[in-house]
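Close look at the chain arrangement
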Amino acid sequence: MNNNRRTEPFRYTLKEPATFDLHILTINGIPVPPKPVSAVLYDISRSGCHLAFPLNVNPETNLVRVGMEMVLASESMYIEGTLKWNKEQNGTFHYGIQLDIPEEDRDRLPSVLRRLAGEGKILVR
C-alpha cells in the first residue's frame, strides 16, 4: 500500500548554485534579439526551477519565454520555459520558471536529477 500523498514533484536544490547562459526568447510574443544573460540556478524539479539574473522583466505583466543551456551532469541539456513569478533580493531578481520539456526529453531530466541526488551533488526536498 502506497501512503505517498505528494501532489507536486520533488525539488532538487543544488549544493553549489550553477551559473549558465539564459536567453530571453520572447516578451509578450515578440522575439527578443539573441543576447545571453548570465543566470544562477538554485533549484530544479521536473516541472520548474528557481533562478536569478540581474534584469527585471516583470512576469506579472509580461509573458516571458526563456531558453537555457544547462550542464547538470556531464551532458548539456537545452530547456525552455515561461517565467511565472519574481522577487527582488539584494539587487538581483529571482524567478520561478515553468519548464516546457519536449515529450522526447521528458524522462531525461528526472533521470539526471536522480543520478545527481544519488551522488550527493544535489539535495532532495
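Residues numbered from 1 in each chain as written. Predicted model: local features only at pLDDT ≥ 70, side-chain atom pairs only at ≥ 80, totals over all residues. Heavy atoms only, no water.

UniProt annotation of "domain: PilZ" (unreviewed entry) refers to residues 35-109 when read in the numbering used here. As annotated, residues 35-109 comprises 3% helix and 60% strand, and the C-alpha atoms at either end are separated by 25 Å. (UniProt positions renumbered as here; feature names shortened; annotations may be inferred. Helix = DSSP H or I, 4+ residues; strand = E, 2+ residues; numbered from the N terminus.)

All right, on to helix α1 (residues 108-118) then. Residues Leu109, Pro110, Val112, Leu113 and Leu116 constitute the buried set of α1. For α1, the buried positions fall inside an angular range of 160° around the axis, keeping them on one side. Residues of α1 that are exposed and angled more than 90 degrees away from the buried face: Arg114 and Gly118. Among the structural elements, β1 (12-27), β3 (37-44), β6 (76-89), β7 (92-100) and β8 (122-124) are those in contact with the buried residues of α1. A positive backbone phi angle near 80° is found at glycine 120, which sits one or two residues after α1. (Buried < 20%, exposed > 50% of the residue type's maximum accessible area, 1.4 Å probe, protein only. Arc of directions from axis to C-beta. Contact = heavy atoms within 4.5 Å.)

Using the criterion set out here, one finds two salt bridges in the structure. Residues glutamate 80 and arginine 65 are paired through a salt bridge, measuring 3.1 Å at the closest nitrogen-oxygen approach. Here glutamate 80, found in strand β6, pairs with arginine 65, found in strand β5 (residues 64-71); they are 15 residues apart in sequence, far enough to count as distant. Judged by its relative accessible area of 21%, arginine 65 falls in the partly exposed class. Between aspartate 100 and arginine 65 there is a salt bridge, with its nearest N and O atoms 2.3 Å apart. In this pair, aspartate 100 sits in strand β7 while arginine 65 sits in strand β5, placing the two residues 35 residues apart along the sequence. The partly exposed category is assigned to aspartate 100, whose relative accessible area is 33%. (Salt bridge = Lys/Arg side-chain N within 4 Å of Asp/Glu carboxyl O.)

This next bit is on the pairing of β7. Bridge analysis of strand β4 (residues 48-53) against β7 gives six bridges, and the strand direction is antiparallel. Paired with glycine 48 across the two strands is glutamine 98, which belongs to β7. In this structure, β6 lies alongside β7, joined through nine bridges in antiparallel fashion. Across the sheet, residue lysine 87 finds its bridge partner in β7, namely histidine 94. The antiparallel pairing of β6 with β7 creates a hairpin that spans two residues between the two strands, and asparagine 90 there sits at a positive phi of about 55°. (Pairing = 2+ DSSP bridges.)

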